[in-house]
Amino acid sequence: MTAPTAQAAPTAQAAPTAQAAPTAPAVPADTDPGTVPPHVLRRVIDTALEEDAPWGDVTSETLIPATATAAATLAAREPGVLAGGEVFVAVMHAVDPDLAVSVALRDGDVFAAGDVIASVTGSARSVLRAERVALNLVQRMSGIATLTAQYVAAVAGTGTRVVDTRKTTPGLRALERHAVRCGGGHNHRTSLSDAVLAKDNHLAVLLAGGTDIGDAIRAARRRLGHTVHLEVEVDRIDQIEPVVAAGVDTVMLDNFTVPMLEEGVALVAGRALVEASGGVSLDTVAAIAATGVDLVSVGALTHSARALDLGLDVDVRPV
């Protein structure tokens, strides 16, 4: 699969807000969202193409002459932030390596309604075969990037990072997390294998067995390698001190009110990172960030983002 050739970047624009034109940079100038790991991207695309046409595209193969060519344009029907340019190219080339694909924007760029994002020319059957999978993935990813940019804009100037969660579409986590980065957000742990994050259910099991939480944390720290991050979720003010004193790297304050978050940040006093979680929306995130928390985790970035309205307009040209 071939990654898109970098094109000249468009003039910097503003980041989108809901139902409005962009108003702030989508991604800080020094932020690179990176790419989706090639082996993961190939697996996602192969699975999607097999699902969409397990025995070929019977419509195109019946109606469209094999010699027909097509020129198609991927255009925005609403403003947003791009995520998935490389995915669009990869889907097209997975169907037909001879398709000529170009991407006019880079992931993380802001676009307006009507902007051309990419174009593809070549076999009409191939373009029609790849169209839906390519659109589904780019629309989904760009929707996540656009929503993330709105959250990032809302906390601008506070020093608080907006981070995602594991509430992702099964099989698409790498793509959705890339989209969060494209919107200027940051990633939490990628999987259960990456870090220790003791949440309420873990603590309930420990308490039911008569284990002291502080003792459990200290024992875990002794067993863990020095590079493994250790985070614990609490839902009451009185749980904070024992957890922080036991040596956690991050304490997650779950469903705390704004006054409770302020109290929690003061109690931690820089001894660990403080993450706010639960009850976060575009209406509340600015006030949450203003309490001084280091991180705000937002499941809505991935589980509630709507697909952005992008269209692939195909001009089929029989030969």
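A brief report on the enclosed structure follows. On a predicted model such as this, the values are computed, not experimentally measured, just so you know.

With that out of the way, let us pick up the packing of helix 3 (residues 85–95) against helix 4 (residues 124–154). It is the contact of helix 3 with helix 4, at a shortest axis distance of 9 Å, that shows an interaxial angle of 155 degrees. The angle between helix 3 and helix 4 falls in the class roughly antiparallel. Of the two possible hands of crossing, helix 3 and helix 4 adopt the one that is right-handed. Residues Val87, Phe88, Val91, Met92 and Val95 of helix 3 pack against Ser126, Arg129, Ala130, Val133, Ala134, Leu137, Val138 and Met141 of helix 4. Counted by class, the contact of helix 3 with helix 4 contains 11 nonpolar, one polar and one charged residues.

Let's shift gears to the pattern of salt bridges. Evaluation of the coordinates by the stated rule reveals 10 salt bridges. Ionic pairing is found between Glu78 and Arg306, a salt bridge with its closest N-O pair at 2.6 Å. Here Glu78, found in the loop between strand 1 (69–76) and strand 2 (80–81), pairs with Arg306, found in the loop between helix 11 (300–303) and strand 12 (310–317); they are 228 residues apart in sequence, far enough to count as distant. Using a relative accessible area of 16% as the deciding quantity, one classes Glu78 as buried. A salt bridge links Asp249 to Arg221; the shortest N-O distance between them is 2.9 Å.

Attention now goes to the pairing of strand 1. Of all eight residues in strand 1, six are buried; the element is thus mostly enclosed. When strand 1 meets strand 5 (residues 116–123), the two strands line up antiparallel, connected through seven bridges. The residue of strand 5 that forms the bridge with Ala71 is Thr121.

Glancing now at the sheet that holds strand 6 (residues 161–163). Reading across the sheet, the six strands line up as 6-11-10-9-8-7 and stay open at both edges, with parallel pairing between neighbours. At either end of the open sheet lies a strand with only one pairing partner, and these are strand 6 and strand 7 (196–198). Mean inter-strand twist for the sheet, computed between neighbouring axes without regard to direction, equals 25 degrees. In the sheet, strand 9 (residues 250–254) pairs with strand 10 (residues 273–277) via five bridges, with the strands oriented parallel. Bridging across to strand 10, Met252 finds its partner in Glu275.

With that out of the way, let us pick up helix 1 (residues 38–52). Relative to the 21 Å expected for 15 residues at 1.5 Å per residue, helix 1 spans 21 Å between its end C-alpha atoms, a close match to the ideal helical length. Of all the residues in helix 1, the buried ones are Val40, Leu41, Val44, Ile45, Ala48 and Leu49. Around the axis of helix 1, the buried residues are gathered within 155 degrees of arc, so they sit on the same side. With respect to the buried face of helix 1, the exposed residues turned more than 90 degrees away are His39 and Glu50. Buried-residue contacts for helix 1 involve helix 3, helix 4 and helix 5 (173–182).

Taken together, the buried positions of helix 7 (residues 213–223) are occupied by Ile213, Gly214, Ala216, Ile217, Ala219 and Ala220. In the core, the buried residues of helix 7 are packed alongside helix 6 (200–208), strand 8 (230–234) and helix 8 (240–245). A distance of 3.0 Å separates the backbone nitrogen of Gly214 from a side-chain oxygen at the start of helix 7, and that oxygen is part of Asp212.

Pairing is antiparallel across the open sheet formed by four strands, whose spatial order is 3-5-1-12. In this open sheet, the two edge strands, each paired with only one partner strand, are strand 3 (100–103) and strand 12. On average, each strand axis in the sheet is tilted by 10 degrees relative to the strand beside it, whichever way the strands run. With four bridges joining them, strand 3 and strand 5 adopt antiparallel strand pairing.

Procedures and definitions
All residue numbers here refer to positions counted from 1 along the written sequence of the relevant chain. It should be noted that, the model being predicted, local features are given only for residues of pLDDT at least 70 and side-chain atom pairs only at 80 or more, the latter also being counted only at that level, while totals for whole chains, interfaces and linings use all residues. The basis for the side-chain values is all heavy atoms of the structure; hydrogens and waters are excluded. Under this scheme, a helix contributes an axis fitted over its contacting stretch, all axes are lines through C-alpha atoms, and angles between N-to-C directions fall in the 0 to 180 degree range. Each helix corresponds to a stretch of at least 4 residues labelled H or I by DSSP, and each strand to a stretch of at least 2 residues labelled E; elements are numbered beginning at the N terminus. Roughly parallel covers angles under 35 degrees, roughly antiparallel covers those over 145, roughly perpendicular covers 65 to 115, and oblique covers all other angles. Working rule for handedness: look at the near helix, and if it is turned counterclockwise from the far one by less than a right angle, call the crossing left-handed; if clockwise, right-handed. Two residues qualify as a contact provided that any one of their heavy atoms is within 4.5 Å of a heavy atom in the partner residue. Three residue categories are used. Nonpolar comprises Ala, Val, Leu, Ile, Met, Phe, Trp, Tyr, Cys and Pro, charged comprises Asp, Glu, Lys and Arg, and polar comprises the others, including Gly. The rule for a salt bridge is simple: a side-chain nitrogen of Lys or Arg has to be within 4 Å of a carboxyl oxygen of Asp or Glu. Any residue under 20% of the maximum accessible area for its type is buried, any over 50% is exposed, and the rest in between are partly exposed; the area is computed with a 1.4 Å probe on protein chains only. Strand pairing is defined by DSSP finding a minimum of two bridges between the two strands. A helix is expected to span 1.5 Å for every residue after the first. Throughout, the arc means the angular range of directions from the helix axis out to the C-beta atoms. The definition of a polar contact used here is a pair of N or O atoms within 3.5 Å, where within protein one atom must be able to donate a hydrogen and the other to accept one, and adjacent residues in sequence count solely through side-chain atom pairs.

Keep in mind these values describe shape, not function.
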